[in-house]
Amino acid sequence: MENNKPANNEIQIELSEEMAQGTYANLAIISHSSSEFILDFIRVVPGAPKAQVKSRVILTPDNAQRLLFALQDNIKKFGEQLQAGNNNNKTANFEDFTGPTGEA
């Protein structure tokens, strides 16, 4: 019997080079219906009359709640790292950034 499944139901995630570059957004608008949450990520340029939606993510309520918990956990860890390092400039340190861990 062949066993080609990853152990413990792991999911292997592929990240293309283009997607790894990311998309900058400095505004998020969140709306919802009874069955989904919609997150629109927008780039606002000062002085420009329009702002463009750069990405839209649609989530089930359960997955939106998982995202909330994952963000809260990561923000807590970020604050602890700042405090432990006595970093007074409050800027992000991406030296130890390893990418997504699939927590959401």
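The shown structure was predicted, so the numbers you read here are calculated from the model rather than taken from an experiment.

(A) Just the overall build of the protein, in detail. A tally of helices and strands in the protein yields 2 helices and 3 strands. Start at the N end of the protein and walk to the C end: the helices and strands fall as α-β-β-β-α. In the protein, 22% of the contacts between residues at least 6 apart in sequence involve partners at least 24 apart. Summing over all exposed atoms, the protein offers an accessible surface of approximately 9600 Å²; the carbon and sulfur share of this is 52%.

(B) A look at the sheet that holds strand β3 (residues 52-59). If you walk across this open sheet you meet the 3 strands as β1-β2-β3, and the pairing is antiparallel. The outermost strands of the open sheet, each flanked by one partner alone, are β1 (27-32) and β3. For this sheet, the mean inter-axis angle between neighbouring strands, taken without regard to orientation, is 20 degrees. Across 7 bridges, the pairing between strand β2 (residues 37-43) and β3 is antiparallel. Within the sheet, the bridge partner assigned to D40 lies in β3 and is R56. Its contacts with the sheet put helix α2 (residues 61-84) on β2 and β3, and the angle it makes with β3 is roughly 110 degrees.

(C) Looking closely at α2. Over its 24 residues, α2 runs 35 Å from end to end, which matches the ideal 34 Å to within 8%, given 1.5 Å per residue. On its buried side, α2 packs onto β2 and β3.

(D) The arrangement of the pairing of β2 in detail. Relative to β2, β1 is paired through 6 bridges, and the arrangement is antiparallel. Looking across to β2, one finds that H32 is bridged to F37. Here β1 hands over to β2 after 4 residues, the two strands then running antiparallel side by side.

(E) Summary view of a nonpolar patch on the surface. The grouping of L27, I29 and V44 at the surface amounts to a nonpolar patch, some 220 Å² of accessible area in total. In this fold, V44 is placed in the loop between β2 and β3.

(F) Local environment of the side chain of D40. Within the secondary structure, D40 sits in strand β2. On the basis of relative accessibility, which here comes to 11%, the residue D40 falls in the buried class. In terms of polar contacts, D40 uses its side chain to reach the side chain of R56, at 2.6 Å. Among residues more than four places away in sequence, those in contact with D40 are L27, A28, I29, V53, S55 and R56.

What counts and what doesn't
- Residues numbered from 1 in each chain as written.
- Predicted model: local features only at pLDDT ≥ 70, side-chain atom pairs only at ≥ 80, totals over all residues.
- Heavy atoms only, no water.
- Helix = DSSP H or I, 4+ residues; strand = E, 2+ residues; numbered from the N terminus.
- Contact = heavy atoms within 4.5 Å.
- Areas by Shrake-Rupley, 256 points an atom, 1.4 Å probe, with all protein chains shown as cover.
- Pairing = 2+ DSSP bridges.
- Axes fitted to C-alpha atoms, helices over the stretch in contact; angles between N-to-C directions.
- Expected span 1.5 Å × (residues − 1).
- Patch = residues over 30% accessible without salt bridge, like charges linked within 9 Å, V, L, I, M, F, W, Y side chains within 5 Å.
- Salt bridge = Lys/Arg side-chain N within 4 Å of Asp/Glu carboxyl O.
- Buried < 20%, exposed > 50% of the residue type's maximum accessible area, 1.4 Å probe, protein only.
- Polar contact = N/O pair within 3.5 Å; in protein donor to acceptor, adjacent residues only side chain to side chain.

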